[in-house]
There are 2 protein chains.
Amino acid sequence: MTEDTGDMWVTVTPEASRRLLLAAVDSFAERGYHGTSTRHITAGAGMSAGALYVHYPTKADLLFQIALLVHDSVLRTLHEAVAAGTGPPQRVRALMYAFSAWHARHHRAARVIQNELGALGPEHAAQIADLRRRVREMILAEVGAGAASGDFDVADLPGAARALSSLAIDVCRWYRPEGPRTPDEIGAFYAHTAMRILGAG
Amino acid sequence: MTEDTGDMWVTVTPEASRRLLLAAVDSFAERGYHGTSTRHITAGAGMSAGALYVHYPTKADLLFQIALLVHDSVLRTLHEAVAAGTGPPQRVRALMYAFSAWHARHHRAARVIQNELGALGPEHAAQIADLRRRVREMILAEVGAGAASGDFDVADLPGAARALSSLAIDVCRWYRPEGPRTPDEIGAFYAHTAMRILGAG
């Protein structure tokens, strides 16, 4: 694994379940969800072919678990980021820093999710759509608070909120661990860029 | 097909080759490159299973042809856009409008390319990487010209150029034809957003 696999996966127990999830991220990233067999996953986890079903009934359940962990981690990260901010510019700066840096640190899992969300079944897709809606609403609320307070100069609130979220999410597409910028440098630059987009004094 | 399939594909002849390319975009979008069999493609084109090889020796050749058409279309679109601009702000506005609107109009083909570029063989990948480098260099040069002329206030030129390109490319991920914004509305908003990111007076 070339990414920070830290606290996002640490809650997954037993360890065999966690190994299977990480092997699934690897294989989905390499071959796509549809190109991945359950054997690719168990082989990647160093387990026997039958071991998957003990932990996850289907390949679709694995994708759903990854999506849940990813979106839960994003939501927690954003809530923690804004909590320390004392006013809208500080809060949105912290949010944008955290959101962008998260997508650099977790670029492989994030890329899998962006590419493969369409493979979720309808019930799973609805649950994930709900988490994604909460992220969008949170960003919109933070941007809206700054517009209401006069800290931001924004004519098109949903458009500006979308631009922030799009910039941060797309980091997972172009980020390379061997590239010139660290996750924190990307976070700092996009926090600054967000203030410009929002016309913050 | 739900997208504008206009001039990007019109140069592909004979018509059977074009039908196969469009069917491949459909199937890659739905199942991923690795999950697509050549039968999915020929069935989607309404042709017999053996018909593919007459036009494309391998599935990889199809992906490469789509990638060539997509990147060629982007480069032509950007060059046409800046040609009419009389100064850096006008040129970058036009570039950003065209780049963003292109990714809305061609969102399905663009999404396939973003998701599946890793499946290209090394020689094909090198050719496409060269076209992508030309797009990046063009944007960097246009932003740099505005910084040099004093029209833009940019401390981090590569970072700002990356932000513009990232915003435009990510349109293909989130754009929905049934959504509230047209490709032209997205283009206009992102042209305005680009001026803010670049600190244009």
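Residues numbered from 1 in each chain as written. Chains lettered and ligands numbered in written order. Predicted model: local features only at pLDDT ≥ 70, side-chain atom pairs only at ≥ 80, totals over all residues. Heavy atoms only, no water.

(A) View of the relation of the copies chain A and chain B. Expressed as a screw operation, the relation of chain A to chain B combines 0.0 Å of axial shift with a rotation of 180°, fitting to an RMSD of 0.0 Å. Viewed as a symmetry operation, the transformation between the two copies matches a two-fold axis. Using C-alpha coordinates, one finds that chain A approaches the rotation axis most closely at A:Gly35, a distance of 2.3 Å. (Least-squares fit on C-alpha atoms with pLDDT ≥ 70 in both.)

(B) Structural detail: the pattern of salt bridges. Across all of its chains, the model carries 22 salt bridges over all chains by this definition. Residue B:Arg91 is joined to B:Glu142 by a salt bridge in which the shortest nitrogen-to-oxygen separation is 2.7 Å. Of this pair, B:Arg91 sits in helix α6 (residues 88-105) while B:Glu142 sits in helix α8 (residues 122-148), and the two are 51 residues apart along the sequence. Residue classification places B:Arg91 among the partly exposed residues on the basis of a relative accessible area of 25%. Across the salt bridge formed by B:Arg133 and B:Asp130, the nearest N and O atoms sit 2.2 Å from each other. Of the two residues, B:Arg133 and B:Asp130 are both situated in helix α8; the distance of three residues between them amounts to about one turn of the helix. Here the salt bridges share partners, and the residues they tie into one network are A:Asp130, A:Arg133 and A:Glu137. (Salt bridge = Lys/Arg side-chain N within 4 Å of Asp/Glu carboxyl O. Helix = DSSP H or I, 4+ residues; strand = E, 2+ residues; numbered from the N terminus. Buried < 20%, exposed > 50% of the residue type's maximum accessible area, 1.4 Å probe, protein only.)

(C) Representation of the UniProt feature "DNA-binding region" (unreviewed entry) in chain A within the structure. Taken from the UniProt record, the annotation "DNA-binding region" (unreviewed entry) applies to residues 37-56 of chain A. A distance of 14 Å separates the end C-alpha atoms of residues 37-56 of chain A, which is 55% helix and 0% strand. (UniProt positions renumbered as here; feature names shortened; annotations may be inferred.)

(D) Representation of the packing of α6(B) against α8(B) in the model. All names here are of chain B. Orientation of α6 relative to α8, taken along the N-to-C sense of each, is 150°, at an axis distance of 8 Å. Here α6 is positioned roughly antiparallel relative to α8, judged by the angle of their axes. You can see that α6 and α8 cross each other, and the crossing is left-handed. Taken together, the residues of α8 that come into contact with α6 (itself represented by Pro88, Arg91, Val92, Leu95 and Phe99) are Val135, Met138, Ile139, Glu142, Val143, Ala145 and Gly146. The residue makeup of the contact of α6 with α8, split by class, is nine nonpolar, one polar and two charged. (Axes fitted to C-alpha atoms, helices over the stretch in contact; angles between N-to-C directions. Parallel < 35°, antiparallel > 145°, perpendicular 65-115°, else oblique. Left-handed = near helix turned anticlockwise from the far one by under 90°. Contact = heavy atoms within 4.5 Å. Nonpolar A, V, L, I, M, F, W, Y, C, P; charged D, E, K, R; others polar.)

(E) Highlighting the side chain of A:Ser166. Tracing the chain through its elements places A:Ser166 in helix α9 (residues 157-174). For A:Ser166, a relative accessible area of 0% corresponds to the buried category. Only 2.5 Å separates the side chain of A:Ser166 from the side chain of B:Asp170, close enough to count as a polar contact. For A:Ser166, the contacting residues outside a window of four places in its chain are B:Leu167, B:Asp170, B:Arg173, B:Trp174 and B:Tyr190. (Polar contact = N/O pair within 3.5 Å; in protein donor to acceptor, adjacent residues only side chain to side chain.)

(F) Local environment of the interface of chain A and chain B. Contacts between the two partners involve 29 residues from chain A and, on the opposite side, 29 residues from chain B. Between the two partners, chain A and chain B, sit four salt bridges. We note a salt bridge from A:Asp153 to B:Arg196, for which the minimum N-O separation is 3.1 Å. Our enumeration of links across chain A and chain B arrives at eight residue pairs in polar contact (both at pLDDT 80 or more). Breaking the side of chain A that touches chain B down by element, the ones donating at least two residues are α2 (15-31), α7 (107-116), α9 and α10 (183-197) of chain A. No other element matches α9(A), which puts 11 residues into the side of chain A that touches chain B.

(G) Quick look at the UniProt feature "domain: HTH tetR-type" (unreviewed entry) in chain A. Mapped onto this numbering, the UniProt entry annotates "domain: HTH tetR-type" (unreviewed entry) at residues 14-74 of chain A. In the segment residues 14-74 of chain A, helix accounts for 72% and strand for 0%; the C-alpha atoms at its two ends are 23 Å apart.

(H) Representation of the domain arrangement of chain A in the model. Residue and element names in this part refer to chain A. Looking at the assigned domains, one finds that chain A contains domain 1 (9-57) and domain 2 (58-197). Across the boundary between the two partners, domain 1 contributes 19 residues, which contact 14 residues of domain 2. For the domain 1 and domain 2 pair, buried surface summed over both sides reaches about 1,600 Å², with 75% attributable to carbon and sulfur atoms. On the domain 1 side of the interface with domain 2, the three residues burying the most area are Trp9, Phe28 and Tyr33, jointly 38% of the side's total. Its salt-bridge partner being Asp26, residue Arg108 comes within 2.7 Å of it at the nearest N-O pair. Across the contact surface, domain 1 and domain 2 share six residue pairs in polar contact (both at pLDDT 80 or more). Of all the elements in the fold, those that place two or more residues in the side of domain 1 that touches domain 2 are α2 and α3 (38-44). (Domains from an automatic or database assignment. Buried area = accessible area lost by both parts, 1.4 Å probe.)

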